[in-house]
Number of protein chains: 4
Amino acid sequence: MNFKTSVHRLLNSQETRSARIVAFSIHGLILLSVVTFSISTLPDLGQSEIMILRWIEIITVLIFTVEYLLRVWVDKRPGKFILSFSGLIDLAAILPFYIASGLDLRAMRALRLLRLVRMLKLAKYNKAIRRFQKALLIAKEEMILFCVVSLILLYLSAMGIYYFEHVAQPERFKSVFHSLWWAVTTLTTVGYGDMFPITVGGKIFTFFVLMIGLGIIAIPTGLLASALAAARKGEDAP
Amino acid sequence: MNFKTSVHRLLNSQETRSARIVAFSIHGLILLSVVTFSISTLPDLGQSEIMILRWIEIITVLIFTVEYLLRVWVDKRPGKFILSFSGLIDLAAILPFYIASGLDLRAMRALRLLRLVRMLKLAKYNKAIRRFQKALLIAKEEMILFCVVSLILLYLSAMGIYYFEHVAQPERFKSVFHSLWWAVTTLTTVGYGDMFPITVGGKIFTFFVLMIGLGIIAIPTGLLASALAAARKGEDAP
Amino acid sequence: MNFKTSVHRLLNSQETRSARIVAFSIHGLILLSVVTFSISTLPDLGQSEIMILRWIEIITVLIFTVEYLLRVWVDKRPGKFILSFSGLIDLAAILPFYIASGLDLRAMRALRLLRLVRMLKLAKYNKAIRRFQKALLIAKEEMILFCVVSLILLYLSAMGIYYFEHVAQPERFKSVFHSLWWAVTTLTTVGYGDMFPITVGGKIFTFFVLMIGLGIIAIPTGLLASALAAARKGEDAP
Amino acid sequence: MNFKTSVHRLLNSQETRSARIVAFSIHGLILLSVVTFSISTLPDLGQSEIMILRWIEIITVLIFTVEYLLRVWVDKRPGKFILSFSGLIDLAAILPFYIASGLDLRAMRALRLLRLVRMLKLAKYNKAIRRFQKALLIAKEEMILFCVVSLILLYLSAMGIYYFEHVAQPERFKSVFHSLWWAVTTLTTVGYGDMFPITVGGKIFTFFVLMIGLGIIAIPTGLLASALAAARKGEDAP
């Protein structure tokens, strides 16, 4: 098991220089596989380019597979690792290649990007991450309350604008579900311009809906600010 | 009155298991009625589908009517309940069905969604809700002041852009009222793109109007953040 | 001078019931004149309607003129009143009618709306207004610094996008001045859609410009929040 | 070296009246050169106008060159000045004129605008600038963490919308890179309207992406607010 422990240390700790090289290489490979996937979506690629991308992909998946199998093998509780969030992401990154279910699921590989957050596992960033987690914990009930209330407001806005605009713009505001799309893009102030009210009632209704929309943006901002301040204060407490 | 008290406890308290089942079922029925109403607005529905939706609607309204009548009966002060916010919402949810005044008012039923907020009536959420109410109380005068000032600014922006753009785009900026719609969608930064200035004067005016618009978004956010922090501090005070 | 003092008290104090009636009537008249002006901008007005609006306007301006002359007369220092902000607004509200310089300047009347803020001159709102003024004073240098930096960033964004997009879209990004309009509507996230980059360089540049834009929205919000909190804390200090 | 010290004091200190006049003139010249450059980008300029702009440009660059050479000469460590941020900006402002590489690089001159921030070098503004720098230092790790997480989320949004919309809108969502542009303009809520989802899956995905987008705007705002408050508190500490 000496070999097993060495491999474990190589993959998970960041103390020895070899471990850091391994971590750095895996992260570099994640970035590479993400970039090659993006390039592969470009139209008008030449045959040789497609070949090169394909080979890089094969090699990358092979290395990821070896890494995954090693991780399962060295983990004290393999079952727990396989079912954990990290474990599932790693599996989703390599499985589509073997199941050959089409181009789409290879996109799952991009979820490995979330592992890049581990790159910031230095003491300083740990402190910042913990402060965020603490802030989220402090504001947890308020965030959930806010989510529920926003969803209800979103739906009521959709229904209201459907009532006002359905007759005047039957092609756009076809149903409450179509109006939900308008509610989302308007309340978040994105405002693509693909749907907007043209009746007077619809415009007045939108005015009130937008006043509430401001509240929707203001609330989580206020929440987070006060929670972060509380989290920070808790640290400096005498 | 033992029966009356039992029904009262069943509808309003959440202590016994039966009461929780009743509450859960009513909430589930609210969600169902909202979903079926949304589906009924979809175009191109087949005859059988319309039939099914209609039957679900009839059954749901019947159950809501029974629930409403029970609530009125068991309440110690029925008149107060009927005129209360919850009472009016519940009545608005079932009345359109009996008055048969058209499809539109059935949308009122969606207001019952606001009752879903009662689902979060756990101790933890109560604390969050109370914190919000306290924050709103602390910031009450500032919020009203902010509202009055924004309305005045909205109107002045509308009048200004009308002055600048009316000649160049008579179809768009037809009157001050039409320009008010531009002011609303621009100051909230939604920016649909259905109306925008094309004259130099209009663009410069919009620049200043937007600088103030930033202030409009910043102020309630700052207000809420400081009020929430004050509310939170009031709780932890020694 | 007993009559002069009585009129002074009638116009400026709000203690006696008559004074409050006078204040309320003047405010109501301001709102009325603003509404009639807005209606007068509507196209397709009938002759009788235009007549009615004209008469209301004549009567309103007459009352405003009397009020203005009274205010000048009863003020201890008339010159100071005439040159003060309120005095100039009141004069601007009635002058266009006498100078008959066209429809446009009657819009100045709308500035009287700013006097409506005086309606909130109750103790509670005074406290909120003073808190805002205190917050603005605390954050004054930071706000000015923020303004200067934003203007510079706005200009640099305009110049950058001109460099990237001028060749590809010569009609849209005609000059640095035209690009300034793009910078304003993009950095405030309004995004009308009348101008946007289509080159790769322009899009990448916009990405960085928008990251800074987020900072532009975040900074005054953070500024105001911390200043309001400081202002509030200054009040509760033991 | 008396002359050298005098020139040094003239250029860098702001104590004597001559030094202030020099500083004011240089700043005025920066503004002038920026305005003339902007005007030179306007189409349809007459020959005489182009001549005047050209002469102003020549004179301005000559003065900037003299100023630059003087600064290098009087600086105790010329090499350090040449390589410093200010030094490079000053050089970039005059070099394109001599290298004659085309109209484009003259835009570099606009970077001199950043030197205008030095105009605010009064005690009061110093305090505000220092407070900002302190706030940025306090929030440094959180800002970097936020940046990394946003970039990952941006990429995942781009990949997701590509997956949903590529088939339905092959011209718009051509590749993951094209979709990245959509992700940027949507998550910052600019919403030009040049690209938006039309499939149901795409719209639902966008809803979730926008919910996260709200978080992206809320987080730096909350960060900055709490950091500014902490910086301000650190000043008033007994």
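Residues numbered from 1 in each chain as written. Chains lettered and ligands numbered in written order. Predicted model: local features only at pLDDT ≥ 70, side-chain atom pairs only at ≥ 80, totals over all residues. Heavy atoms only, no water.

### Remarks on the nonpolar core
Grouped together as the largest cluster of nonpolar side chains are 76 residues, with contacts concentrated most on Trp182(A), Trp182(B), Trp182(C) and Trp182(D). Look past the residues within four positions of Trp182(B) in its chain and what remains in contact with it is Ser157(B), Ile161(B), Phe173(B), Met195(B), Phe196(B), Pro197(B), Thr206(B), Val209(B) and Tyr192(C). (Core = buried A, V, L, I, M, F, W, Y, C linked by side-chain atoms within 4.5 Å. Buried < 20%, exposed > 50% of the residue type's maximum accessible area, 1.4 Å probe, protein only. Contact = heavy atoms within 4.5 Å.)

### Concerning the packing of helix H2 (residues 17–40) of chain A against helix H3 (residues 47–74) of chain A
Residue and element names in this part refer to chain A. Running from N to C, H2 and H3 point in directions that differ by 145°, and their axes come no closer than 10 Å. Judged by the twist between their axes, the crossing of H2 over H3 is left-handed. Residues Ile-26, Leu-29, Ile-30, Leu-32, Ser-33, Thr-36, Ile-39 and Ser-40 of H2 pack against Leu-53, Ile-56, Thr-60, Ile-63, Phe-64 and Glu-67 of H3. Here the contact of H2 with H3 is built from residues that sort into nine nonpolar, four polar and one charged. (Axes fitted to C-alpha atoms, helices over the stretch in contact; angles between N-to-C directions. Helix = DSSP H or I, 4+ residues; strand = E, 2+ residues; numbered from the N terminus. Left-handed = near helix turned anticlockwise from the far one by under 90°. Nonpolar A, V, L, I, M, F, W, Y, C, P; charged D, E, K, R; others polar.)

### With respect to the side chain of Thr199(B)
All names here are of chain B. As for its position among the elements, Thr-199 is in the loop between helix H8 (176–187) and helix H9 (200–236). A distance of 2.9 Å separates a polar side-chain atom of Thr-199 from the backbone nitrogen of Gly-202. Apart from residues lying up to four places away in sequence, Thr-199 is in contact with Phe-164, Glu-165 and Ala-168. (Polar contact = N/O pair within 3.5 Å; in protein donor to acceptor, adjacent residues only side chain to side chain.)

### Thoughts on the environment of Gly202(D)
Residue and element names in this part refer to chain D. As for its position among the elements, Gly-202 is in helix H9 (residues 200–236). Take Gly-202: its relative accessible area is 0%, and that puts it in the buried class. Between the alpha carbons of Gly-202 and Glu-165 there is a distance of 6.2 Å; along the sequence they are 37 residues apart. Residue contacts for Gly-202: discarding those within four places in its chain leaves Ile-161, Phe-164, Glu-165 and Pro-197.

### Some points on the packing of helix H1 (residues 2–12) of chain C against helix H3 (residues 47–74) of chain C
Residue and element names in this part refer to chain C. Where H1 meets H3, the axes come as close as 9 Å, and the angle between the chain directions of the two elements is 120°. Put simply, H1 runs oblique to H3. Where H1 crosses over H3, the two elements pack in a sense that is left-handed. Along the contact surface, H1 presents Phe-3, Lys-4, Val-7, His-8, Leu-11 and Asn-12, while H3 presents Glu-67, Leu-70, Arg-71, Trp-73 and Val-74. Considering only residue class, the contact of H1 with H3 consists of six nonpolar, two polar and three charged. (Parallel < 35°, antiparallel > 145°, perpendicular 65-115°, else oblique.)

### A look at the packing of aromatic side chains
Residue and element names in this part refer to chain A. Under the definition given, this model contains 24 aromatic pairs over all chains. For the ring pair Phe-164 and Phe-205, a centre distance of 5.4 Å and an interplane angle of 40° mean the geometry is tilted. Of this pair, Phe-164 sits in helix H7 (residues 140–165) while Phe-205 sits in helix H9 (residues 200–236), and the two are 41 residues apart along the sequence. Residue class for Phe-164 comes out partly exposed when judged on its relative accessible area of 30%. What links up through ring pairs into an aromatic cluster is the set Tyr-163, Phe-164 and Phe-205. (Phe/Tyr/Trp six-rings, centres within 6.5 Å; stacked < 30°, edge-to-face > 60°.)

### Re the pattern of salt bridges
All names here are of chain B. Tallied over the entire structure, the rule returns eight salt bridges over all chains. When the shortest N-O distance is used, the salt bridge between Glu-57 and Arg-54 registers 3.6 Å. Separated by three residues within a single helix, Glu-57 and Arg-54 lie in helix H3 (residues 47–74), roughly one turn from each other. On the accessibility criterion, Glu-57 (9% relative accessible area) is buried. For Glu-67, the salt bridge is made with Arg-71, and the minimal N-O distance between the two is 2.8 Å. With Glu-67 and Arg-71 both in helix H3, this residue pair falls four residues apart, about one helical turn. Classification of Glu-67 as buried rests on a relative accessible area of 4%. (Salt bridge = Lys/Arg side-chain N within 4 Å of Asp/Glu carboxyl O.)

### What about the environment of Phe81(D)?
Residue and element names in this part refer to chain D. In this fold, Phe-81 is placed in helix H4 (residues 78–83). Judged by relative accessible area, which is 11%, Phe-81 ranks as buried. Distance from Phe-81 to Ile-144, taken between C-alpha atoms, is 29 Å for residues 63 residues apart in sequence.

### Considerations on unusual backbone geometry
All names here are of chain D. In this structure, Asp-44 is a non-glycine residue whose phi angle is positive, near 60°. Take Asp-44: it is sitting in the loop between helix H2 (17–40) and helix H3 (47–74). A positive phi angle, near 60°, is found at Thr-189, a position not held by glycine. Thr-189 sits in the buried class, given a relative accessible area of 8%.

### Describing H2(A)
If you check H2(A), its first and last C-alpha atoms are 34 Å apart, about what 24 residues at 1.5 Å a residue would give, namely 34 Å. Buried within H2(A) we find Ala19(A), Ala23(A), Ile26(A), His27(A), Leu29(A), Ile30(A), Ser33(A), Val34(A), Thr36(A), Phe37(A) and Ser38(A). In the core, the buried residues of H2(A) are packed alongside helix H1 (2–12) and H3 of chain A together with helix H7 (140–165) and helix H8 (176–187) of chain D. (Expected span 1.5 Å × (residues − 1).)

### Considering the environment of Arg9(A)
All names here are of chain A. Residue position: Arg-9 is located in helix H1. Residue Arg-9 is classed as partly exposed on the basis of its relative accessible area, which comes to 48%. Residues Arg-9 and Ser-179, 170 residues apart in the sequence, show an inter-C-alpha distance of 54 Å.

### Overview of the confidence of the model for chain A
Residues and elements named next belong to chain A. Looking at chain A, the pLDDT average stands at 76 and 73% of residues meet or exceed 70. Looking over chain A, one finds the lowest element-wise mean pLDDT in helix H6 (residues 123–138), namely 67, and the highest in helix H8 (residues 176–187), namely 90. The complex model carries a pTM of 0.81, and its ipTM stands at 0.77. (pLDDT = per-residue confidence, 0-100.)

### Considerations on a nonpolar patch on the surface
Residue and element names in this part refer to chain A. Taken together, the side chains of Met-51, Ile-52, Trp-55, Ile-59 and Ile-63 make up a nonpolar region of the molecular surface, amounting to roughly 530 Å² of accessible area. On the secondary structure map, Ile-52 appears in helix H3. Judged by relative accessible area, Ile-52 falls into the exposed class, the value being 52%. (Patch = residues over 30% accessible without salt bridge, like charges linked within 9 Å, V, L, I, M, F, W, Y side chains within 5 Å. Areas by Shrake-Rupley, 256 points an atom, 1.4 Å probe, with all protein chains shown as cover.)

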